[in-house]
Amino acid sequence: MKTLTKEELRDVAACKRTLYFKKGEVIFGENELLSGVYCVREGICKMIKLSANGKDHTVKLMGKGKLIGQRSVISEERTHLSAVALNDVELCYVPKDQILGNIKSNQEFSFNVLQNLAQDLREAEGDLINMAQKSVRQRLAEALTYVSKTFGETEDGYLNVKLSREDYASIVGTATESAIRILSQFKKEGLISTSGKRIKIEKLKELERVE
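This structure is a prediction, so every number in the text was calculated from the model and none was measured. Each chain has its residues counted from 1, running along the sequence as written. Given that the model is predicted, a residue must reach a pLDDT of at least 70 before its local features are reported, and side-chain atom pairs must reach 80 or more before they are shown or counted; all residues, however, enter totals for whole chains, interfaces and linings. With hydrogens and water excluded, all non-hydrogen atoms of the structure serve as input to the side-chain values.

K.L.:
Would you mind showing me how to read the pairing of strand β4 (residues 45–50) here?
P.N.:
Successive residues of a regular strand alternate their side chains across the two faces of the sheet. DSSP calls a pair of strands paired once it identifies at least 2 bridges connecting them. Secondary structure elements follow DSSP: runs of H or I no shorter than four residues count as helices, runs of E no shorter than two count as strands, and numbering proceeds from the N terminus. Bridge analysis of β4 against strand β5 (residues 56–62) gives six bridges, and the strand direction is antiparallel. If you follow C45 over to β5, its bridge partner there is M62. As paired strands, β4 and strand β7 (residues 82–85) are joined by four bridges and run antiparallel to one another. Among the inter-strand pairings, C45 is bridged to a residue of β7, identified as A85.

Set out below in structure tokens:
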């Protein structure tokens with residue numbers, strides 16, 4: 001949005017809407033045609049892919065400032081992921097026509113959008129490389145450190161984002177039983193501690209060096 005002119009920003013402000021979703025509510029489903037782009041103002045959304053066996057696979061987490069749905073809107077394709085509120089979220093919604101109009105009229109904005117899409121592609125490629133080259137243990141350690149650095153911690157030191165063991169398993173691409181076993185190993189090694197579903201990282205540097 002920084003690359004829009006004052007007039008274009010006024011147009012966006014005039015048509016944008018603020019939307020609220022409660023924890024667990026679906027923002028949009030897989031295979032939908034979106035009529036606009038969402039920007040996360042508060043809270044966290046998880047992007048989900050439904051697997052062939054009917055189970056939800058958490059692909060990534062989207063926090064404050066992240067855009068959701070821009071690829072589908074720009075390419076005019078159906079969504080390949082669902083977006084679900086991980087906790088209570090506040091979103092800014094901008095209609096498709098406004099976004100596409102600015103892309104056509106503002107070259108700098110158009111380039112900025114392409115950069116964002118390229119970054120999404122790089123992240124997807126990085127995920128594929130990690131899946132191919134790193135062990136489940138390494139990927140789970142990375143997932144924990146990513147959640148810590150991206151979303152922060154509570155006053156008592158626990159991760160701000162409370163994910164289920166199934167969520168962690170799907171993020172790193174393994175069975176839930178494997179994720180539970182590795183988390184137990186991390187706990188025995190003193191890398192993390194837990195309280196129910198809550199996780200506290202005790203030794204961040206060591207966790208980053210897990211092999």
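Next, the rest of the story.
K.L.:
How do you make sense of unusual backbone geometry when you look at a structure like this?
P.N.:
Most peptide bonds adopt trans geometry, and most residues besides glycine take a negative phi value. Although it is not a glycine, N31 sits at a positive phi angle of roughly 70°. Tracing the chain through its elements places N31 in the loop between β2 (26–28) and β3 (36–42). Three labels apply to residues, based on accessible area from a 1.4 Å probe with only protein chains included: buried if under 20% of the type maximum, exposed if over 50%, partly exposed otherwise in between. Note on N31: relative accessible area 47%, which makes it partly exposed. With a phi angle near 55°, E76 is a residue other than glycine that sits in the positive phi range. Residue placement: E76 occurs in the loop between α2 (70–75) and β7.

Everything listed here is a matter of geometry and, on its own, says nothing about what the molecule does.
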